Amino acid sequence: MSQSIGKLLPVDGYYVQLNGPVPRDYELALSHLYQPIIGNNPVALYRTLLGEYDLSTNQEIQTHHTLMTYMTLPLDQVYESRRKLEAIGLMQTYSSKSDTSTIYIYELQPPFSPELFFNDDMLSLLLYHELGNDKYAKLKSSFTQDKFPVDTAENVTASFDEIFHGYQISGPAFTQNKKEEASNIVRLRDPVGPKLEDDRIDFAWIKQSLQEKMYPAEKILTGKNKRVMLQLASLYDLSSQELEKAIGWALNEENQLMIEELKEACHDMSPNKGNVSSLKVLEKRDKVYRDDQVDPHASKEEQFISMLERISPRELLEDVAGGNEASVQDLKLIRDVMTEQGLNPGVMNVLVHYVLLKTDMKLSKAYLGKIASHWARKNVTTVRQAMTMAKAEHQKYQQWGKGNKHRSRSVSKEIIPDWFKDHQMNDQSKETAPESKANRTKDEIAARIKRITNEGN
């Protein structure tokens, strides 16, 4: 069931306001910095609301039917897009309810300029994990410019007292006017940025722990450092105890907190080794798949398709390995291919399953990436489309695999996925596969489906 049901209705009204001016290069920031993190729909919603704010002259209240029409999206996707904008710090939402209706005030927060974006530890780390090191470095280099060093230069800037000394800017009339105007001033709220839970980390406990270890807690837990710590704890899902340990690793000989070392320590402390993207694209699956029940009367292939849609790539790897934990190296490889080519988890499952069985259960980034790039260009977005593409392009992929150092030494004995073999156009390939092995493969698939389905309940 959609999360928006009961929380947002098409007839609910909304009003848009803006908390301060947007930066000059906000479009570049939205498309190149925010969009890789939150996706297309939330950015499109932000642009739509900002456009409505720019066009409105009489503070109109509109219904959410308007957004659904403008964006050609169902209400649940509009709602989810709004939630992502709130979480990343691009929107604050307020509601006003009456007996007959609900009105939402959508207060847009100006995006960070590229310079501020890269200076924000949480946002820059999220982007880094989405793009990878090479693309991130290239993008950052494009947005940031080297500044002339001023550390050794003399500051000759005029002071306020030098220029305005003696000016009379106070007086009864001035003070009275300021009091009258005060109620009409639009004051900026807190700085924009990802919304974090303030109670996530117990800084009082961390302070006491640092003091017991004779560390200068006041010097370490400054306002700026605490914000960075809160960002890292949220990003890597760390507890107060884990964060305190990471802080200890990040102190130098003078007991100064080294921010870059703290990032590395939190990265290593994370159960997923800092793999932020794996939390989103390797572990989390859409609710539409988790809530669907597999039809017990469906064919083995239909059940297998449903399973690939419902499980994550991590679960697939662990299932193929007989329940053993997936290696960090394999997960990083899959994550990089997924993020570079924009494949969804279900399609990636088909690709991983296909490549594993063709390459003696070894993953090669070059081979995975080449097929993934082909599927991305062909706009493959579903498990069924991925299977169809694998069947149609099998000869081509076989030629690509001949240059792969991880391929099976005996091509004639290569293992073909059962879903591929049952529908392959070449009947000869069916005949060459031993019947007992085919039956055993089907039984294994049935066992997988049953085991994973039971685990999800």
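Keep in mind that what you see is a predicted model, and the values were worked out from it rather than measured.

(A) Local environment of the overall build of the protein chain. Secondary structure assignment for the protein chain yields 26 helices and 4 strands. Here the protein chain, with 457 residues, has 42% of them falling under the buried criterion. The long-range fraction of contacts in the protein chain, counting pairs at least 24 apart against all pairs at least 6 apart in sequence, stands at 71%. By element, 49% of the accessible surface of the protein chain is carried by carbon and sulfur atoms, the whole surface being about 26900 Å².

(B) Examining the pattern of salt bridges more closely. For the coordinates displayed, the defined rule picks out 10 salt bridges. Between aspartate 120 and arginine 227 there is a salt bridge, with the nearest N and O atoms lying 3.8 Å from each other. Within this pair, whereas aspartate 120 is found in the loop between helix H5 (114–119) and helix H6 (121–131), its partner arginine 227 is found in helix H12 (residues 223–236), the two being separated by 107 residues in sequence. On the basis of relative accessible area, aspartate 120 is assigned to the buried category, the value being 7%. Residue arginine 227 is classed as partly exposed on the basis of its relative accessible area of 38%.

(C) Highlighting the environment of tyrosine 26. Residue placement: tyrosine 26 occurs in helix H1 (residues 26–38). Accessibility expressed as a relative area gives 19% for tyrosine 26, which makes it buried. Through-space distance from the C-alpha of tyrosine 26 to that of serine 113 is 6.3 Å; in sequence the pair is 87 residues apart.

(D) Quick peek at H12. For H12, spanning 14 residues, the distance from its first C-alpha to its last is 20 Å, which sits close to the expected 20 Å at 1.5 Å a residue. Within H12, the full set of buried residues consists of Asn225, Val228, Met229, Leu230, Gln231, Leu232, Ala233, Leu235 and Tyr236. Phi turns positive one or two residues past the end of H12, at aspartate 237, with a value near 55°.

(E) Structural view of helix H21 (residues 365–377). With 13 residues, H21 should reach 18 Å at 1.5 Å per residue; the first-to-last C-alpha distance of 18 Å fits that figure. Turning to H21, its buried residues are Tyr367, Leu368, Gly369, Ile371, Ala372, Ser373, His374 and Trp375. At the exit of H21 stands asparagine 379, carrying a positive phi of roughly 60°.

(F) View of the environment of tyrosine 53. As for its placement among the helices and strands, tyrosine 53 is situated in helix H2 (residues 40–55). For tyrosine 53 and glutamine 17, which are 36 residues apart along the polypeptide, the C-alpha to C-alpha distance reads 6.4 Å. Those residues in contact with tyrosine 53 that lie beyond four places of it in its chain are Val16, Gln17 and Leu18.

(G) Region of interest: the packing of aromatic side chains. In this structure the tally under the stated criterion is 8 aromatic pairs. Over the face of the ring belonging to tyrosine 104 we find arginine 82, whose NZ or CZ atom lies 5.3 Å from the ring centre. Lysine 226 extends its terminal NZ or CZ atom over the ring of phenylalanine 203, reaching a point 5.1 Å from the ring centre.

(H) Representation of the nonpolar core within the structure. Counting 65 residues, the largest nonpolar core has Tyr34, Leu49, Leu127, Met229, Ile247 and Leu262 as its most contacted members. Dropping the residues within four chain positions of it, tyrosine 34 is found in contact with Ala29, Gly39, Ile88, Leu90, Pro111, Phe112, Phe117 and Leu123. Counting residues in hydrophobic clusters, the runner-up holds 35 residues, among them Phe304, Leu331, Leu333 and Met387.

(I) Summary view of the sheet that holds strand S4 (residues 102–108). Taking strand neighbours across the sheet as the criterion, the 4 strands line up as S2-S1-S4-S3 in an open arrangement whose pairing is mixed. The two strands at the open ends of the sheet, each matched to only one other strand, are strand S2 (62–63) and strand S3 (91–97). Pairing between strand S1 (residues 13–18) and S4: 6 bridges, direction parallel. Pairing of tyrosine 14 across the sheet is with tyrosine 104, part of S4.

Scoring rules and cut-offs
Residues numbered from 1 in each chain as written. Predicted model: local features only at pLDDT ≥ 70, side-chain atom pairs only at ≥ 80, totals over all residues. Heavy atoms only, no water. Helix = DSSP H or I, 4+ residues; strand = E, 2+ residues; numbered from the N terminus. Buried < 20%, exposed > 50% of the residue type's maximum accessible area, 1.4 Å probe, protein only. Contact = heavy atoms within 4.5 Å. Areas by Shrake-Rupley, 256 points an atom, 1.4 Å probe, with all protein chains shown as cover. Salt bridge = Lys/Arg side-chain N within 4 Å of Asp/Glu carboxyl O. Expected span 1.5 Å × (residues − 1). Phe/Tyr/Trp six-rings, centres within 6.5 Å; stacked < 30°, edge-to-face > 60°. Lys NZ or Arg CZ within 6 Å of the ring centre and 35° of its normal. Core = buried A, V, L, I, M, F, W, Y, C linked by side-chain atoms within 4.5 Å. Pairing = 2+ DSSP bridges.

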